[in-house]
Number of protein chains: 2
Amino acid sequence: MANVNKTRFAILGILNNMPGSGYDIKKNCDTGIAYFWNENFGHIYPVLKQMERDGVITKKEEKSEGRPSRNVYYITEKGKNELIDWLMRPVEPSPQRLELQLKLTFAKLIPVEKTIEELERVKERHKKSLEEFRRVEQEFFNSEDAQNYESYPYWYSNLRYGIGDAEFRIRWCEETIERIKFHNAIKKDK
Amino acid sequence: MANVNKTRFAILGILNNMPGSGYDIKKNCDTGIAYFWNENFGHIYPVLKQMERDGVITKKEEKSEGRPSRNVYYITEKGKNELIDWLMRPVEPSPQRLELQLKLTFAKLIPVEKTIEELERVKERHKKSLEEFRRVEQEFFNSEDAQNYESYPYWYSNLRYGIGDAEFRIRWCEETIERIKFHNAIKKDK
DNA sequence: GTATCCATGTAACCAGTTACATGATTGC
DNA sequence: GCAATCATGTAACTGGTTACATGGATAC
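For clarity, every value in this text was computed on a predicted model and none was experimentally measured. (Residues numbered from 1 in each chain as written. Chains lettered and ligands numbered in written order. Predicted model: local features only at pLDDT ≥ 70, side-chain atom pairs only at ≥ 80, totals over all residues. Heavy atoms only, no water.)

(A) Geometry of the overall build of chain A. Of regular secondary structure, chain A possesses eight helices and two strands. Counting helices and strands in the order they occur from the N terminus, chain A gives α-α-α-β-β-α-α-α-α-α. Taken over the C-alpha trace, chain A has a radius of gyration of 22 Å; the compact-globule value for 190 residues is 16 Å, which it surpasses by more than 25%. Taken over the C-alpha atoms alone, chain A extends approximately 75 × 40 × 40 Å along its principal axes. Per-residue burial over chain A gives 44% buried out of 190 residues. (Helix = DSSP H or I, 4+ residues; strand = E, 2+ residues; numbered from the N terminus. Rg over C-alpha atoms; globule rule 2.2 N^0.38 Å. Buried < 20%, exposed > 50% of the residue type's maximum accessible area, 1.4 Å probe, protein only.)

(B) Highlighting the relation of the copies chain A and chain B. Mapping chain A onto chain B is achieved by rotating through 180° and translating by 0.0 Å along the same axis, at an RMSD of 0.0 Å. One copy is carried onto the other by what is essentially a two-fold rotation axis. Among all residues of chain A, the minimum C-alpha distance to the rotation axis is found for F168 of chain A, at 3.6 Å. Of all interface residues in chain A, 100% are interface residues in chain B too; the two copies therefore contact each other through one and the same surface. (Least-squares fit on C-alpha atoms with pLDDT ≥ 70 in both. Contact = heavy atoms within 4.5 Å.)

(C) Structural detail: the domain arrangement of chain A. Looking at chain A, the domain boundaries give domain 1 (6–88) and domain 2 (99–189). Of note, the centres of domain 1 of chain A and domain 2 of chain A, computed from C-alpha atoms alone, are 31 Å apart. (Domains from an automatic or database assignment.)

(D) A look at the pattern of salt bridges. Residues and elements named next belong to chain B. Taken as a whole, this structure holds 36 salt bridges over all chains when the rule is applied. Across the pair R70 and E62 runs a salt bridge, and its minimum N-O distance is 3.5 Å. In this structure R70 comes out as partly exposed when scored by relative accessible area, which is 26%. With a relative accessible area of 38%, E62 lands in the partly exposed category. E139 is the partner of R135 in a salt bridge, and the nearest nitrogen-oxygen pair spans 2.8 Å. Linking R135 with E139, this pair stays in helix α6 (residues 112–141), spanning four residues, or about one helical turn. (Salt bridge = Lys/Arg side-chain N within 4 Å of Asp/Glu carboxyl O.)

(E) Structural detail: the packing of helix α1 (residues 6–17) of chain A against helix α3 (residues 41–53) of chain A. All names here are of chain A. Running from amino to carboxyl end, α1 crosses α3 at an angle of 75°, the nearest separation of the two axes being 10 Å. Taken together, the axes of α1 and α3 lie roughly perpendicular to each other. Residues T7, R8, I11 and L12 of α1 form the contact with α3, whose participating residues are H43, I44, V47, L48, Q50 and M51. Within the contact of α1 with α3, the residues separate by chemical class into six nonpolar, three polar and one charged. (Axes fitted to C-alpha atoms, helices over the stretch in contact; angles between N-to-C directions. Parallel < 35°, antiparallel > 145°, perpendicular 65-115°, else oblique. Nonpolar A, V, L, I, M, F, W, Y, C, P; charged D, E, K, R; others polar.)

(F) Just the interface of chain A and chain B, in detail. At the junction of the two partners, chain A supplies 68 residues and chain B supplies 68 residues. Taking both sides of the interface into account, the surface hidden between chain A and chain B amounts to around 7100 Å²; carbon and sulfur atoms contribute 62%. It is R97, Y154 and Y161 of chain A that lose the most area in chain A upon contact with chain B, and together they represent 12% of the buried surface on that side. The interface formed by chain A and chain B holds six salt bridges in total. As a salt-bridge pair, E39 of chain A and R97 of chain B come within 2.5 Å of each other at their nearest N and O atoms. At the junction of chain A with chain B, the criterion picks out 34 residue pairs in polar contact (both at pLDDT 80 or more). (Buried area = accessible area lost by both parts, 1.4 Å probe. Polar contact = N/O pair within 3.5 Å; in protein donor to acceptor, adjacent residues only side chain to side chain.)

(G) How the structure looks around the side chain of T7 of chain A. By the secondary structure assignment, T7 of chain A is in helix α1. A distance of 2.9 Å separates the side chain of T7 of chain A from the side chain of E39 of chain A, its partner in a polar contact.

(H) Structural detail: the packing of aromatic side chains. Applying the stated criterion across every chain yields a total of 26 aromatic pairs over all chains. When the ring of F9 of chain A is compared with that of W86 of chain A, the centres are 4.9 Å apart and the planes differ by 5°; the resulting orientation is stacked. Of the two residues, F9 of chain A sits in helix α1 while W86 of chain A sits in helix α4 (residues 77–88), which places them 77 residues apart along the sequence. Taking relative accessible area as the criterion, F9 of chain A reaches 8% and is therefore assigned buried. On the numbers, 5.3 Å between centres and 15° between planes, the contact of F140 of chain B with Y152 of chain B is stacked. Residue F140 of chain B is found in helix α6, and its partner Y152 of chain B is found in helix α8 (residues 152–189); the two are separated by twelve residues along the sequence. Each of the two residues, F140 of chain B as well as Y152 of chain B, counts as buried. (Phe/Tyr/Trp six-rings, centres within 6.5 Å; stacked < 30°, edge-to-face > 60°.)

(I) Fine view of helix α1 (residues 6–17) of chain B. When the terminal C-alpha atoms of α1 of chain B are compared, their 17 Å separation across twelve residues agrees well with the 16 Å that a helix rising 1.5 Å per residue should span. In terms of burial, α1 of chain B is largely enclosed, as eleven of its twelve residues are buried. For α1 of chain B, the full list of buried residues reads K6, T7, R8, F9, A10, I11, L12, G13, I14, L15 and N16 of chain B. In this fold, the buried residues of α1 of chain B make contact with α5 (99–105) of chain A together with α2 (22–31), α3 (41–53), β1 (57–62), β2 (70–75) and α4 (77–88) of chain B. (Expected span 1.5 Å × (residues − 1).)

(J) Structural context of a nonpolar patch on the surface. On the surface, Y23, F41 and Y45 of chain A cluster together into a nonpolar patch covering about 320 Å² of accessible area. Relative to the elements of secondary structure, Y23 of chain A occurs in helix α2 (residues 22–31). (Patch = residues over 30% accessible without salt bridge, like charges linked within 9 Å, V, L, I, M, F, W, Y side chains within 5 Å. Areas by Shrake-Rupley, 256 points an atom, 1.4 Å probe, with all protein chains shown as cover.)

(K) Spotlight on the environment of E82 of chain A. Residues and elements named next belong to chain A. The residue E82 is located in helix α4 in this model. With relative accessibility at 22%, the residue E82 sits in the partly exposed group. With 70 residues separating them along the chain, E82 and L12 place their C-alpha atoms 8.4 Å apart. Those residues in contact with E82, other than ones at most four positions away along the chain, are R8, F9, L12 and V56.

Structure, rendered in structure tokens:
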């Protein structure tokens, strides 16, 4: 259950908010929820077909001039029930794989400078995304609309997660760089 | 490159520290680095075979009385080079999938109480692992040996990562629960 | 005239999970 | 007598990625 079918539920949730095509779903992932969720076309399209067969969504072909025709999907009653069922189930902790941490474990094999460079790069990356999160937060503070949005506390909590996570990782990178430098210095002293 | 062959490098790193069997490798993952890395037998054994064919490790059969015989693997020069090569390469950011955050995005479909229960559960889980991390940290402070261990700054940084991450997530759960409660209260007021 | 956006899909591939099979030894 | 630990492996599966194929419309 931990490793099953997450794409399906992501699609159900997105289509429940607003019917749309596979392309729309992908766009939705890449913009709104990109920092904690991703999907790609090669998976979305076949899963949509399967979901239609299972009766959790229905397809309507939409034709308009000057544009390719779209397959617009709508969530069904059955689909909505499946979605709610999933939402009600507790999240099972899925084992993570943190490549940076794994590399650190074996880092004695390479020069400290290399590791420090890498930590600096990672830190910069988190700083960039933190800036972006902060920008979105400001935009949100300046908009009255946003605060009346039904899902606002959930949406904003996710943003706060992104901010807090980035802040923590930046601090950790700094702390780790200092630790490595310090230990390298006293090692040379001996 | 982002999604390729991580098991292979994990195995190389572990065998570089100490030769061992597939069983040993699994144990190593489940104890030392479990909170940021996982492997399972169904993957380890076939990958070991492939790595032997590629000449990055060699096998020696070890027989002893009263125990099943073990296939003990040793890293080769070629394997060590491959490991160092991987360590020197920058980590590419791999898109994450945070199920809790995805669920929060669609949480308006279920009663707030359910979401709060879930956040409490998650918070408790992180509190438990934080306790464990703190215990390990204390154990480490009380041991002089550990601090002379060559990889100590790396190992300790990883522990600090676990601690900081757990602390952040606990705070976030608390903050999120408060936010949801608050918004639910003013919604009822209207 | 070139890049980007809109739009859908398939095929090949691979990493990783789960379940199954086997069997000895040790500790409670 | 039963559970846990030591020990290796295979088979079936599946979730997800990457690359490929196609093609019109729009914006710079």
